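What follows is each chain in one-letter form.
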Amino acid sequence: MAKASIGVVGLGVMGRNLVLNIERNGFHVAVYNRTQSKMQAFLQGEAAGKHITGSDSYPALMAQLEKPRCVLLMVTAGSAVDAGIEEIKPFLEPGDILIDGGNSYFMDTERRSLALTAEGLHFVGMGVSGGEEGALWGPSIMPGGTPEAWQALAPILRKIAAKAEEDGEPCVTHIGPRGAGHYVKTVHNGIEYADMQLIAEIYDLLSRGAGLPAAELAGIFDEWNRGELRSYLIEITAKILRRTDEITGKPLVEMVLDEAQQKGTGKWTSQNAFDIGAPIPTINAAVESRILSSLKAERVAASRVLRGPSPRFTGDRAALVEAARAALYASKILSYAQGMSLLRIASAEYDYHLDLAEIARIWRAGCIIRAGLLGDITAAYRRNPALSNLLLDDAFRQAVESRQAALRHVLQTAIGLGIPALALGSALAYYDAYRSERLPANLTQAQRDFFGAHTYRRVDQEGIFHTDWE
Ligand code: 6PG
C-alpha cells in the first residue's frame, strides 16, 4: 500500500475531523490514538472505507509515513503536548516535521521549537480556528515554523483550509517562525472575545434596555448580517436568539446561566499586550467582562443593595436599533485596529515578520471571527503594508468618523440606563485617546515626580527634569 502523506496523533473531535477533511481532499492519513479502542471505533465508523489506516504504536505509525514524515499532534494544550513530543521524538529523524495543532501558549511553542530545532527536527505550532465544523469542512489555519516545513505541508493545508468567497483563495499562509502561528491564533481569540462582548452589550441594551423580545432581535441580527456587519458571530447570534427552550417554551438564550467561562487564550492576549506595551482596551474589557460575569453569587447579592437608574428605555426604539448597528460596526473596527496593532508591535518584539494583509486575508473564512470587514482590512494593509494603525487608512478613518455619533449616542443611552458597556466604552475611549494630541499623562508624570522623584520631560526643552513640588 502507498505510504501515508501525514500521521495524526490524538483522535478527539478536532483530530478526527481534521483527519476526515485531509482524506476527503485526496490524501492517505495514518492515525494513532493512545486509547486504541477509540481509534478502532473511528476506523470502523466514520473512517470506514476511506484512506485512513490505524497504527498500534508510534513505530507502526512512522513506518506508514512518506519521508520527511509529518506528524500532526492533536492533543489538549499544555503538558499533554510536552508528553506527546517526548513519546514521539525517539521515532523521528532529522528533517521530520512535528505539528502541534492545539491552542498552545505561544511561549511554550517557542520553547519546544528551539529544543526540537536543536535536534534537527521541524516543529510547527499551528493555530486552527473554526471549531469542529471548521476542522471538518475547512478551517482557517495559522502555521508557524520554518519555510521548509511550510513547503512540505502547504499542499495539504491549502487543500483542507476554508476558501474565501471573494476569490476562492485558501485561508492559510505561512505565518512566521517559531511561535508565530500560535501567537496569531491567540490574538485571533482575543479579537473573538472582543467581538462576542460587543455583540453581548448591544444585545443587553436592546433587550433589557429597549425591551425588544428575542425573536424580534433575531430578525434584527439577521438583517444586520446582510449588511456591513456580515459575519459568522452575527449569523449565529440570530440563530441563538431564535431558538426556543423545549422545557419552558421561552427563548433558550434566556435560560442560559449568565456566567461566561474561558479557556485562557483571551487572557493570554491581554497578558501579552501588557508585556509588550500594546494598548488593546476592548479585548481587555472583554476578558474583564467574562470575569465580572463569573461573580454571579456576588452580583446577585449586590443587585439587592446597590441602586441605579431604571434600565427601561422610553425613547425611539427604531432609532436606537439603527444607532446600535452603526455603533457595533464602529466599535468592531476600533477593536480590530487594536488587535492588528498588537500584531504589528509583537512582530517587531519577537521578530515574527508578520504580514498583516495575509493574516487578515486568512481570517476571511473558516475561523470564528470571519467577517466581511476582514476583506476590507486585507485591502487596507495591501494598500499600505506599513500602516501603523488601521484607523489611519482613509476608508476606515471615514467609516469610524461617520459612525462615531451613533457610538456616542448608544453609550450615552447605556450609561443613562445603567447598562454596563465595558467593551463599547473602551472602543470609543481608544478612539478618543488615540486621536488626542495631548493626554493628561502630564499630570501622571508630575505626580510620579512629586511622590517618587521619578523625573519628567518638558514639552519645550530637551532633558530630564525633577521639581521639588512642595
Ligand atoms: C476557534 C476558537 C476556539 C476556542 C473557543 C473557546 O478559533 O475555533 O477560538 O479555538 O477554543 O472559542 O475559547 P474560550 O473557551 O476561551 O471561550
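Everything here concerns the structure above.
Read on for a plain summary of the structure. What you are looking at is a predicted structure, and each value in this text was computed from that prediction instead of being measured.

## Quick look at the overall build of the chain
- Scanning the chain for helices and strands turns up 20 helices and 7 strands.
- Taken over the C-alpha trace, the chain has a radius of gyration of 25 Å; the compact-globule value for 470 residues is 23 Å, and the two agree within 12%.
- With the C-alpha coordinates of the chain rotated into their principal frame, the extents come out at 75 × 65 × 45 Å.
- Taken across its 470 residues, the chain has 51% of its residues classed as buried.
- Put simply, 69% of the contacts in the chain that link residues at least 6 apart link residues at least 24 apart.
- Averaged over its 48 positive side-chain charges, the chain has a centre that lies 3 Å from the centre of its 54 negative ones.

## A short note on the pattern of salt bridges
- A full pass over the atoms with the stated rule returns 30 salt bridges.
- With a shortest N-O distance of 2.9 Å, Arg 178 and Glu 110 are connected by a salt bridge. In this pair, Arg 178 is assigned in the loop between α7 (147-160) and α8 (180-209) and Glu 110 in helix α5 (residues 106-117), connecting sequence segments 68 residues apart.
- Residue Arg 178 is classed as partly exposed on the basis of its relative accessible area, which comes to 25%.
- Put simply, Asp 393 and Arg 383 hold a salt bridge, and the shortest N to O gap is 3.0 Å. Placement of the pair is Asp 393 in the loop between α16 (372-383) and α17 (394-401) and Arg 383 in helix α16, with a sequence separation of 10 residues.
- The class of Arg 383 is exposed, set by a relative accessible area of 53%.
- Ionic contacts of the salt-bridge type, sharing partners, join the residues Asp 82, Asp 100, Asp 108, Arg 111 and Arg 112 into one network.

## Comments concerning the packing of aromatic side chains
- By the definition in use, this model includes 13 aromatic pairs.
- Seen in terms of ring centroids, Tyr 105 and Trp 268 are 5.0 Å apart; in terms of plane orientation they differ by 55°. Their pairing is tilted. With Tyr 105 in the loop between β5 (97-100) and α5 and Trp 268 in helix α11 (residues 265-276), this residue pair connects regions lying 163 residues apart in the sequence.
- Where Phe 106 meets Tyr 183, the ring centres are 4.8 Å apart and the plane angle is 80°; that geometry is what we call edge-to-face. One end of the pair, Phe 106, is in helix α5; the other, Tyr 183, is in helix α8, and 77 residues separate them in sequence. Of the two residues, Phe 106 and Tyr 183, both sit in the buried class.
- Through a chain of ring-to-ring contacts, three or more aromatic side chains come together here, namely Tyr 105, Phe 106, Tyr 183, Trp 268, Tyr 350 and Tyr 352.
- Here the guanidinium or amino end of Arg 290 rests over the ring plane of Tyr 193, the centre of that ring lying 3.5 Å away.

## Some thoughts on the side chain of Thr 282
- Position of Thr 282 relative to the elements: it lies in helix α12 (residues 281-293).
- Not counting the four nearest positions on each side in its chain, Thr 282 is found in contact with Ala 194, Leu 198, Ser 335, Gln 338, Ala 423, Ser 426 and Ala 427.

## A word on the pairing of strand β2 (residues 29-32)
- Across the two faces of β2 the burial is the same, with Val 29 and Val 31 and Ala 30 and Tyr 32 all buried.
- The β-α-β motif built from strand β1 (residues 6-9), the intervening helix α1 (residues 13-24) and the parallel element β2 has right-handed crossover chirality.
- Pairing between β2 and strand β3 (residues 52-54): 3 bridges, direction parallel. The residue of β3 that forms the bridge with Val 31 is Gly 54.
- Tracing the backbone out of β2, into helix α2 (residues 36-44) and back to the parallel element β3 gives a crossover that is right-handed.

## Remarks on the packing of α8 against α11
- The contact between α8 and α11 brings their axes to 8 Å, and the two run at 110°. In terms of their interaxial angle, α8 and α11 are classed as roughly perpendicular. Only Thr 265, Gly 266, Trp 268, Thr 269, Asn 272 and Ile 276 of α11 make contact with α8, whose side of the interface consists of Tyr 183, Thr 186, Val 187, Asn 189, Gly 190 and Tyr 193.

## What about the site of the ligand?
- Lining the immediate environment of the ligand, one finds 14 residues, of which Ser 129, Lys 185, Glu 192, Tyr 193 and Arg 290 sit closest.
- A distance of 2.9 Å separates an oxygen atom of the ligand from a polar side-chain atom of Asn 103.
- Arg 290 is positioned such that a nitrogen or oxygen atom in its side chain is 2.8 Å from an oxygen atom of the ligand.
- Relative to its free-state accessible area of 420 Å², the ligand is covered by the protein chains to the extent of 79%.
- Take the shell around the ligand: its biggest share by element is 5 residues, from α8.
- Residue classes in the shell around the ligand are distributed as 2 nonpolar, 8 polar and 4 charged.

Here is what the cut-offs are and how they apply
- Residues numbered from 1 in each chain as written.
- Predicted model: local features only at pLDDT ≥ 70, side-chain atom pairs only at ≥ 80, totals over all residues.
- Heavy atoms only, no water.
- Helix = DSSP H or I, 4+ residues; strand = E, 2+ residues; numbered from the N terminus.
- Rg over C-alpha atoms; globule rule 2.2 N^0.38 Å.
- Buried < 20%, exposed > 50% of the residue type's maximum accessible area, 1.4 Å probe, protein only.
- Contact = heavy atoms within 4.5 Å.
- Lys, Arg positive; Asp, Glu negative; His and termini not counted.
- Charge placed at Lys NZ, Arg CZ, Asp CG, Glu CD.
- Salt bridge = Lys/Arg side-chain N within 4 Å of Asp/Glu carboxyl O.
- Phe/Tyr/Trp six-rings, centres within 6.5 Å; stacked < 30°, edge-to-face > 60°.
- Lys NZ or Arg CZ within 6 Å of the ring centre and 35° of its normal.
- Right-handed = clockwise from strand over helix to strand, strands pointing away.
- Pairing = 2+ DSSP bridges.
- Axes fitted to C-alpha atoms, helices over the stretch in contact; angles between N-to-C directions.
- Parallel < 35°, antiparallel > 145°, perpendicular 65-115°, else oblique.
- Near = heavy atom within 4 Å.
- Polar contact = N/O pair within 3.5 Å; in protein donor to acceptor, adjacent residues only side chain to side chain.
- Areas by Shrake-Rupley, 256 points an atom, 1.4 Å probe, with all protein chains shown as cover.
- Nonpolar A, V, L, I, M, F, W, Y, C, P; charged D, E, K, R; others polar.

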